[in-house]
Amino acid sequence: MTALTDFINYIIAFIPQVLQALVITLQVFGGTLILSLPLGIVVAMCRLSKFKPLSALMNSYILIMRGTPLLLQIIFFYFGFGAIKIPIPRMPAVLLAFVLNYAAYFAEIFRAGISSIDKGQYEGAEVLGLSSKDTFFRIILPQAFKRVLPPVGNEIITLVKDTALVNIVGFNDLMKLGKGACNRDASLVPLIVIGVVYLVIVCVLTAIMNRVEKNYNYYQ
Amino acid sequence: MLKIRNLYKSFGKVEVLKGVDLDVVEGEILVIVGPSGGGKTTLLRSINCLERCEAGSIVINGKELFKDGHYASKKELTAIRKDIGLVFQGFNLFPHRTVLENIIEAPTRVLGKTKKEATESALEILGFLGLTDKANNYPFELSGGQKQRAAIGRALAMDPKLMCFDEPTSALDPSLTDDVANVIKSLSTQGMAMLIITHDMDFAKKVADRIVSMNNGIILEQHIYEVAEND
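Residues numbered from 1 in each chain as written. Chains lettered and ligands numbered in written order. Predicted model: local features only at pLDDT ≥ 70, side-chain atom pairs only at ≥ 80, totals over all residues. Heavy atoms only, no water.

Chain B appears in an unreviewed UniProt entry as Polar amino acid ABC transporter ATP-binding protein from Sporanaerobium hydrogeniformans.

Rendered as structure tokens:
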């Protein structure tokens with residue numbers, strides 16, 4: 001009986017620290033998501049541009065961001081600004097790495113979605129005299145959104161777990177807390193607790209994504 | 001209304017249009033028949049600027065769209081193209097928009113009509129097409145014939161002087177072809193010129209003022225049909 005009360009007391013004592021660490025994790029997650037989605041659309045548009053140098057530039061950007069480890073990018077940006085004597089607080093520096101990395105993945109997803117829209121939709125808009133701007137933003141992009149929801153959902157879930165990488169540069173996020181407590185108390189319980197927290201976040205996001213997909217079911 | 005002279009178009013080394021001459025006058029229903037690969041669709045797409053030709057001329061409503069191998073400026077093209085409507089074989093309705101939204105999209109965005117004005121005339125058009133009850137449905141909820149009428153309505157909303165139809169009966173139940181024929185005929189009595197390409201000879205005879213046949217990239221022969229007595 002005392003073992004169980006000890007266990008419960010341990011978890012209760014642990015929860016305030018979890019909440020504190022959760023704030024850091026959610027900051028990285030939310031900041032990355034809000035900034036990388038629009039940037040991803042812009043990169044996809046540039047990549048699809050008929051202006052070759054721009055398209056080639058975006059291609060190289062995507063290649064570099066997808067071709068090197070996110071962990072490397074985080075460390076690079078974290079120390080990089082210091083090395084060139086630009087005083088940027090560490091959270092924006094880390095966010096920059098995340099945003100640039102995730103925008104590259106989102107860009108490829110959006111590019112696929114935009115390219116998957118039938119040529120007839122462009123022609124239908126063209127013979128009606130719609131401008132290319134209206135065609136893209138009013139006809140093509142809304143349809144592309146519906147198609148990219150499942151892969152975007154995938155990336156969003158991956159992002160939740162990738163935030164754990166920020167512990168490497170000293171952020172007190174969930175992962176760092178779990179690892180620290182695990183070492184300090186010689187117990188696996190903290191890891192289980194933060195594992196459950198990640199799982200809950202992902203469950204909530206999955207439910208939200210399902211709801212969004214359902215909202216797009218009004219047409220086929 | 002439409003005057004095409006000596007029009008040439010090739011895809012790579014394959015010549016598809018080899019000197020097409022064609023006239024459509026105001027209020028006329030001209031049907032082009034002929035085998036697949038004869039250049040009918042390419043001709044229709046060229047008139048709508050979906051394909052670019054190499055030589056010849058296309059004049060619509062007295063305005064030169066394409067002359068001696070040169071296209072009008074982008075601004076002029078946009079203005080000239082407002083006089084042409086096209087109903088695609090596959091309709092190309094916008095699936096994320098209701099029938100009404102499909103119809104008012106171009107009048108509001110291109111002609112600068114207010115939403116209220118555009119909706120009023122769209123509902124008038126839908127009434128004419130017998131599609132009023134489907135105004136707020138999405139394209140996937142419509143039958144083939146209803147989709148086609150929605151597509152006709154969308155083109156009509158731009159008030160074109162020349163309406164083009166690409167294989168209008170191909171997606172239809174045979175029993176519905178009479179309905180399309182009637183819609184097309186009543187539009188032509190309002191002075192609109194019609195250019196229709198089809199494989200369906202029965203339909204062609206039913207609807208046409210004049211039928212021409214096309215093969216190997218040229219217009220072969222012209223027949224004149226009397227307008228059916230029940231019209």
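Q: Looking at this structure, how should I read the packing of aromatic side chains?
A: Two aromatic rings are characterised by how far apart their centres lie and by the angle between their planes. Tallied over the entire structure, the rule returns 11 aromatic pairs over all chains. Centre to centre, the rings of A:Phe110 and A:Phe145 are 5.9 Å apart; their planes meet at 90°, and the pair counts as edge-to-face. Here A:Phe110, found in helix H4 (residues 90-115), pairs with A:Phe145, found in helix H6 (residues 132-162); they are 35 residues apart in sequence, far enough to count as distant. Put simply, the rings of A:Phe76, A:Phe77 and A:Phe81 touch in pairs and so form one group of aromatic residues. The side chain of A:Arg90 reaches across the aromatic face of A:Phe171, ending 4.6 Å from its centre. The residue whose ring lies beneath B:Arg52 is B:Tyr71, and the NZ or CZ to ring-centre distance is 4.3 Å. (Phe/Tyr/Trp six-rings, centres within 6.5 Å; stacked < 30°, edge-to-face > 60°. Helix = DSSP H or I, 4+ residues; strand = E, 2+ residues; numbered from the N terminus. Lys NZ or Arg CZ within 6 Å of the ring centre and 35° of its normal.)

Q: Just to check I follow, could you spell out the interface of chain B and chain A for this structure?
A: A common measure of how large an interface is: the accessible area buried when the components associate. Listed per partner, the contact involves 22 residues of chain B and 20 residues of chain A. At the boundary of chain B and chain A, one finds 4 salt bridges. Among the ionic pairs, A:Arg138 bridges to B:Glu105, the shortest N-O distance being 2.6 Å. Here chain B is connected to chain A by 8 residue pairs in polar contact (both at pLDDT 80 or more). (Contact = heavy atoms within 4.5 Å. Salt bridge = Lys/Arg side-chain N within 4 Å of Asp/Glu carboxyl O. Polar contact = N/O pair within 3.5 Å; in protein donor to acceptor, adjacent residues only side chain to side chain.)

Q: Is there a simple way to think about the sheet that holds strand S6 (residues 70-71) of chain B in this case?
A: By definition, the strands of a sheet pair up through backbone hydrogen bonds, in either a parallel or an antiparallel sense. Strand order in this open sheet of 5 strands is S2-S1-S4-S5-S6 (chain B), and the pairing throughout is antiparallel. Two strands close off the open sheet at either side, each with one partner strand: strand S2 (14-24) and S6 of chain B. (Pairing = 2+ DSSP bridges.)

Q: Sorry, what's going on with the packing of helix H1 (residues 2-47) of chain A against helix H2 (residues 52-67) of chain A here?
A: To characterise two packed helices, one gives the angle between the axes of the helices and the distance between these axes. Residue and element names in this part refer to chain A. Where H1 meets H2, the axes come as close as 7 Å, and the angle between the chain directions of the two elements is 130°. As judged from the angle between their axes, H1 and H2 are oblique. The residues of H2 that touch H1, namely those facing Leu39, Val43, Cys46 and Arg47, are Leu54, Ser55, Met58, Asn59, Tyr61 and Ile62. In the contact of H1 with H2, the residues fall into 7 nonpolar, 2 polar and 1 charged. (Axes fitted to C-alpha atoms, helices over the stretch in contact; angles between N-to-C directions. Parallel < 35°, antiparallel > 145°, perpendicular 65-115°, else oblique. Nonpolar A, V, L, I, M, F, W, Y, C, P; charged D, E, K, R; others polar.)

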